[in-house]
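Descriptive structure summary
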Amino acid sequence: MSHSAIPPSPSRDEYEAQLVRNSDDSIFEGADPFAIFADWLKEAGATEPNDPNAMTLATVDASGMPDARIVLLKDMDARGFTFFSNLESAKGQELMTHPVAALVFHWKSLRRQVRVRGVIEPVTAAEADAYFASRARESRIGAWASSQSRLLENRQVLEQRVIEETERFEGKDVSRPPHWSGWRLVPVSIEFWRDRKYRLHDRMRFVKQGDAWIIERLYP
């Protein structure tokens, strides 16, 4: 028996009512997956209540065990999808050991998702510096105070380290820590998915072959 907190499958009437807006085939038009993604992200920005740029980042650790967490997309261009974090964090160590990853964007308000798979490359120091400088001062201090993914005795220890770093940078610019930077996922495939009635979803996949993108339609 399913847990009582898990919603039941939609009824026919619920399917009909929910999916009218997702019948426009023009959302898949175009030969450039980055342009399609940019359009979808823009739509999500108008409908998602929080963080339309949130994405699941899936990695693999040294033993081959998969890992995943939500991070924020901070840049996107024809090279790939960029995000930033502590290089010494769990994700940082996993990306160093196995420089491949997958991303999933899920926009519940649009009933759409995008899946991306590819290889990981580090951003340049200039890119990392530019993004770090754009963050709130308190967030920059937090990057110095947090030994991300390491064991923390209690919350008070973290708060004390924030106080100490705040005092250390009093009257000075908060520079980027040497252990903090970013990565770019260079995609080998980008799949666009939208919800359709009775689980007969639309799936369009772009696969990189040389300098070109091959477009494939997949069964749901």
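As the structure is a prediction and not an experimental result, all values here were calculated from the model.

So, on to the pattern of salt bridges. For the structure shown, the criterion picks out 19 salt bridges. Here arginine 140 and aspartate 173 are joined by a salt bridge, their closest N and O atoms 3.2 Å apart. On the criterion of sequence distance, the pair formed by arginine 140 in helix 5 (residues 137-145) and aspartate 173 in the loop between helix 6 (155-168) and strand 7 (180-194) is long-range, its members being 33 residues apart. The class for arginine 140 is buried, based on a relative accessible area of 10%.

Even without being glycine, serine 149 reaches a positive phi, approximately 75°. Topologically, serine 149 is positioned in the loop between helix 5 and helix 6. Overall, serine 149 belongs to the exposed group, its relative accessible area being 52%. One non-glycine residue with positive phi stands out, namely arginine 199, at about 65°. By the secondary structure assignment, arginine 199 is in the loop between strand 7 and strand 8 (202-209).

Attention now moves to the pairing of strand 4 (residues 80-86). A large share of strand 4 lies buried, amounting to seven of its seven residues. Note that strand 3 (residues 75-77) and strand 4 share three bridges and pair antiparallel. The partner of aspartate 75 across the bridge, within strand 4, is threonine 82. In this antiparallel pair of consecutive strands, strand 3 and strand 4, the connection spans two residues. Taken together, the six bridges between strand 4 and strand 7 define a ladder with antiparallel strand orientation. Along strand 7, the bridge assignment pairs phenylalanine 83 with tryptophan 183.

The end-to-end C-alpha distance of helix 2 (residues 33-47), which contains 15 residues, comes to 21 Å, matching closely the 21 Å that a straight helix rising 1.5 Å per residue would cover. Three or more residues of helix 2 are buried, namely Pro33, Phe34, Ile36, Phe37, Trp40 and Ala44. Considered in projection along helix 2, the buried side chains sweep an arc of 150° and stay on one side of the axis. Set apart from the buried face of helix 2 by more than 90 degrees, the exposed residues are Lys42 and Ala46.

This brings us to the layout of surface pockets. Here the largest pocket is characterised by a volume of approximately 310 Å³. Taken together, Ile70, Val71, Leu72, Lys74, Phe84, Ser85, Asn86, Lys91, Tyr131, Arg135, Gln148 and Trp180 make up the full set of residues lining the largest pocket. Put simply, the parts of the chain that give the lining of the largest pocket at least two residues each are strand 2 (66-72) and strand 4. Here the residues of the lining of the largest pocket sort into six nonpolar, three polar and three charged. For the second largest pocket, the calculated volume is near 210 Å³. His106, Lys108, Arg111, Trp193 and Asp195 are the residues nearest the centre of the second largest pocket, which is lined by 10 residues in total. Here the residues of the lining of the second largest pocket sort into two nonpolar, three polar and five charged.

Core analysis: the largest hydrophobic core is formed by 29 residues, its most contacted members being Phe81, Phe105, Val114 and Phe192. Counting only elements with at least two residues in this core, the list comes to helix 2, strand 1 (54-60), strand 4, strand 5 (100-107), strand 6 (112-122), strand 7 and strand 8. In terms of residue count, helix 2 provides more of this core than any other element does, five residues in total. One finds Val123, Ile141, Trp144 and Trp180 within the second-largest nonpolar core, a separate group that totals 11 residues.

As a further point, take the pairing of strand 8. On a regular strand, each side chain points to the face opposite its neighbour's, so the side chains alternate between the two faces of the sheet. Bridging between strand 7 and strand 8 involves six bridges; their strand directions are antiparallel. Residue pairing in the sheet places glutamate 191 in a bridge with arginine 205 of strand 8. Examined bridge by bridge, strand 8 and strand 9 (residues 212-218) share seven bridges and lie antiparallel to one another. For arginine 205, the partnering residue across the bridge sits in strand 9 and is glutamate 216.

Rules behind the numbers
- Residues numbered from 1 in each chain as written.
- Predicted model: local features only at pLDDT ≥ 70, side-chain atom pairs only at ≥ 80, totals over all residues.
- Heavy atoms only, no water.
- Salt bridge = Lys/Arg side-chain N within 4 Å of Asp/Glu carboxyl O.
- Helix = DSSP H or I, 4+ residues; strand = E, 2+ residues; numbered from the N terminus.
- Buried < 20%, exposed > 50% of the residue type's maximum accessible area, 1.4 Å probe, protein only.
- Pairing = 2+ DSSP bridges.
- Expected span 1.5 Å × (residues − 1).
- Arc of directions from axis to C-beta.
- 1 Å grid on protein atoms, 1.4 Å probe; cavity = no way out; pocket = protein on both sides within 12 Å on 5 of 7 lines; lining within 4 Å.
- Points joined across faces, edges and corners; volume = space filled by probe spheres on them.
- Nonpolar A, V, L, I, M, F, W, Y, C, P; charged D, E, K, R; others polar.
- Core = buried A, V, L, I, M, F, W, Y, C linked by side-chain atoms within 4.5 Å.

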